[in-house]
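Chain by chain, the residues run as shown.
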Amino acid sequence: MNQRRRKFILALGSNANPGLSMAKAKQLLQKQLGPVAFSPVITTDAIGMVAEPFCNCLAYGMTLKTADELTSLLKQMERDCGDMPALRATHQIVMDIDLLLLGRKKYHPDNWNRDYIRQLLAMPTSKDTE
């Protein structure tokens, strides 16, 4: 089978030690997926829960992985960053990484309508992990 690389967009969010969590997630993404560009990080209020504000950014890159392979890898990266169900139960999100786009297929349709996602999509990206 002749696989081709497809563009991906990921949404990253954290409200538990977000500076460290974002840095680790960015490092893991680049290690596992190769060159990844990132939007600036912005702070937003929590949506759908009473919680600390979130730091959010987008990640852009290319991959040969399928959506299932990529999603599985992202869930492992969340755990590697220290994300745990017990913390999520108390609205402490160490790292949440959602697949928004793979190739031409959009995922998490509600996220595309959120103001902060639209704001991040309009921002320039950097290959910088800082």
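None of these values were measured; they are calculated from a predicted model.

Engineer: Would you explain the pattern of salt bridges in this entry?
Structural biologist: Proximity of charged atoms lets side chains of opposite charge pair with each other. By the definition in use, this model includes four salt bridges. Lys 75 is the partner of Glu 78 in a salt bridge, and the nearest nitrogen-oxygen pair spans 3.1 Å. Of the two residues, Glu 78 and Lys 75 are both situated in helix H2 (residues 67-80); the distance of three residues between them amounts to about one turn of the helix. For Arg 88, the salt bridge is made with Asp 96, and the minimal N-O distance between the two is 3.2 Å. Among the charged side chains, a network of salt bridges with common partners joins Lys 75, Glu 78, Asp 83, Arg 88 and Asp 96.

Engineer: Explain the environment of Ala 25 here, please?
Structural biologist: Positionally, Ala 25 belongs in helix H1 (residues 18-33). Judged by relative accessible area, which is 0%, Ala 25 ranks as buried. Along the chain, Ala 25 and Glu 52 lie 27 residues apart, while their C-alpha atoms are 19 Å from each other.

Engineer: Any chance you could explain the nonpolar core here in plain terms?
Structural biologist: Across soluble globular proteins, nonpolar side chains show a tendency to be buried alongside one another. Core analysis: the largest hydrophobic core is formed by 26 residues, its most contacted members being Phe 8, Leu 10, Leu 12, Leu 29, Leu 74, Ile 97 and Leu 99. Taken together, the elements giving at least two residues each to this core come down to strand S1 (6-14), H1, strand S4 (54-63), H2 and strand S5 (96-102). For Ile 97, the contacting residues outside a window of four places in its chain are Leu 10, Ala 11, Leu 12, Ala 25, Leu 74, Lys 75, Met 77 and Glu 78. By size, the runner-up hydrophobic cluster in this structure holds twelve residues, among which are Ala 37, Tyr 60, Leu 100 and Leu 120.

Parameters and conventions
- Residues numbered from 1 in each chain as written.
- Predicted model: local features only at pLDDT ≥ 70, side-chain atom pairs only at ≥ 80, totals over all residues.
- Heavy atoms only, no water.
- Salt bridge = Lys/Arg side-chain N within 4 Å of Asp/Glu carboxyl O.
- Helix = DSSP H or I, 4+ residues; strand = E, 2+ residues; numbered from the N terminus.
- Buried < 20%, exposed > 50% of the residue type's maximum accessible area, 1.4 Å probe, protein only.
- Core = buried A, V, L, I, M, F, W, Y, C linked by side-chain atoms within 4.5 Å.
- Contact = heavy atoms within 4.5 Å.

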